[in-house]
Amino acid sequence: MVFMYRLIKAKTFLLLTSPVPVPYISRQICSGLLSIRKMNGGKDSVSEDSMPGRGGAGIKLRPSPDCIDRRECRGAVETSSDSLGVRHGSFGKRRSRIDLRSEQRSGDGNSSKFGNKNIPAHVKRSKSGQSYRKPDEGGNHVAPFDICLSGSRDSAVLKSLQEMEENQENVEHPIEESGGQGVLRPGMVLLKRYISLGDQIEMVKTCREIGLGPGGFYRPGYKNGAKLRLQMMCLGLNWDPETRKYEDRSPADGCKPPCIPREFNQLVETAIQDAHGLLGKDCTLSNVEDVLKVCTLSNVEDMLPTMSPDICIVNFYTTNGRLGLHQDRDESSESLDKGLPVVSFSVGDSAEFLYGDQRDVNKADKVVLESGDVLIFGGKSRHIFHGVTSVIPNSAPKALIEETRLRPGRLNLTFRQY
Ligand SMILES: O=C(O)CCC(=O)C(=O)O
Ligand SMILES: [Fe+2]
């Protein structure tokens, strides 16, 4: 609700005070949010069938200040324009995307700013110098993956809703069954059903909209050619499983990663504060047995440091998607050493999430992450092995699917600070 309220308030203010369209302003604000950071490489951790480690090579990176200047990548946008627009019923009414389309079409497409800097070698370019998506093995054009089903009431949506209804009649998902809210281990906190339905809906719509544009969703692969069992899009900085580095271009189309929407970051910060509240309570309870243990605000911050995300990896898992046990270790060594947390939002179908000290599924603990859950792991838990073993079909909130037509599957956003 806080997210929705802030969003409406900000948009109303901008609409009332601005002579230019809100989406334009939002993008400018977004640019201003990004700060320049000196970065160095993280260490590495690779496993078969898992997300490999993200070894930074000591390069200096910074979230691109103009990461949402979509005109730079007009070629890439044009190729995906079929999947945007009014044919998506209520989505088409969203002013931002329509404005975005016309801006993209009327943009000068000047690729000089794009330059040759940092463009991955395998990204193809047209004669005019515009980038476009890599064709698949069969040479077919690959448009960004649409996390939502198109058509107002097409049969796939109806089938999905019907199955969901049947499933939800038979299966109960009480919070206790899926693992309760609270401190799972030092530095690891689960906030159950933390994101309101309204905010989940906005999140899906926003991710869909960004995901269809430059730097949008694609199916990443590893160096050995194997594909991850998910669709991915990176915001702020791009993480490439093939190079295992953070870079400032998407390998799918050579475009700069889109910015992280300000509302997402606000929710991350509020979630960390609320996690601190839980950690504080946890301390108070332990004090009953251990009076010497004093829990102050500062050591709550030591257990789970605060962070300002400049990276968001957005994953979409279809119902047979998964992600092997891995560690998130490619952020800067400064960030890793401080234990700055990874904050994870789950939306859509529930998933079985494994975590533990070793890369061994038999030794890992399991928790079910449901739509609206926020999982935070930092401090002593920053280096845990974790992964997604399965997505539970038809477990998403029905109203979320009705409102967004999110495909069967799960959307996951992990925020980090480089
Ligand atoms: O989907 C999830 O819950 C985890 C995602 C993840 O671990 C990652 O993107 O590094
Ligand atoms: Fe991860």
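Use the structure listed above.
Note that this is a predicted model, so its numbers are computed, not measured.

Caption draft 1: Quick look at the coordination of the iron ion (ligand 2). Ligation of the iron ion (ligand 2) by protein atoms is provided by H326 (NE2), D328 (OD), D328 (OD) and H386 (NE2), these donors lying 2.1 to 2.8 Å from the ion. The site at the iron ion (ligand 2) holds six donor atoms, and with the angles between them running 51 to 174°, its shape is irregular. Along the chain, the residues donating to the iron ion (ligand 2) are arranged with the sequence spacing H-x1-D-x57-H. Pair check on accessibility: H326 and D328 agree, each one buried.

Caption draft 2: View of the layout of surface pockets. One number sums up the size of the second largest pocket: a volume of about 490 Å³. If you trace the second largest pocket, you find 23 residues lining it, with K134, V142, Y218, R219 and K227 closest to the centre. Split by residue class, the lining of the second largest pocket holds 11 nonpolar, three polar and nine charged.

Caption draft 3: View of the nonpolar core. Among the nonpolar cores identified, the biggest contains 42 residues, and I147, F345, L411, L413 and F415 are the most heavily contacted of them. When near neighbours in sequence (up to four residues on either side) are disregarded, F415 contacts I260, F264, N265, V268, M307, P309, I311, C312, P341, V342, V343 and F345. Y218, L228, A351 and F353 belong to the second largest nonpolar core, which has 28 residues in total.

Caption draft 4: Inspection of helix α7 (residues 197–211) at higher detail. For α7, which comprises 15 residues, the first-to-last C-alpha distance of 21 Å matches the rise-based estimate of 21 Å (1.5 Å per residue) to within 8%. Counting buried positions along α7 yields 13 of 15 residues, so the element is predominantly enclosed.

Caption draft 5: Representation of the environment of K380 within the structure. Structurally, the position occupied by K380 is in the loop between β11 (374–377) and β12 (385–392). Each C-alpha atom, one on K380 and one on M303, is 7.1 Å from the other, the two residues being 77 residues apart in sequence. Not counting the four nearest positions on each side in its chain, K380 is found in contact with R185, P186 and M303.

Caption draft 6: Looking closely at the pattern of salt bridges. All chains considered together, the criterion is met by 13 salt bridges. Of the charged contacts, one joins D328 and R416 as a salt bridge, the two residues approaching to 3.2 Å between their closest N and O atoms. Highlighted residues: D328 in the loop between β7 (323–326) and α10 (333–338) and R416 in strand β13 (residues 410–416), separated in sequence by 88 residues. Like R416, D328 is buried.

Reading guide: rules and limits
- Residues numbered from 1 in each chain as written.
- Chains lettered and ligands numbered in written order.
- Predicted model: local features only at pLDDT ≥ 70, side-chain atom pairs only at ≥ 80, totals over all residues.
- Heavy atoms only, no water.
- Donors = N, O, S within 2.8 Å, 3.2 Å for Na, K, Ca; no water.
- Tetrahedral: all angles 85-135°; square planar, octahedral: opposite > 155°, others 65-115°.
- Buried < 20%, exposed > 50% of the residue type's maximum accessible area, 1.4 Å probe, protein only.
- 1 Å grid on protein atoms, 1.4 Å probe; cavity = no way out; pocket = protein on both sides within 12 Å on 5 of 7 lines; lining within 4 Å.
- Points joined across faces, edges and corners; volume = space filled by probe spheres on them.
- Nonpolar A, V, L, I, M, F, W, Y, C, P; charged D, E, K, R; others polar.
- Core = buried A, V, L, I, M, F, W, Y, C linked by side-chain atoms within 4.5 Å.
- Contact = heavy atoms within 4.5 Å.
- Helix = DSSP H or I, 4+ residues; strand = E, 2+ residues; numbered from the N terminus.
- Expected span 1.5 Å × (residues − 1).
- Salt bridge = Lys/Arg side-chain N within 4 Å of Asp/Glu carboxyl O.

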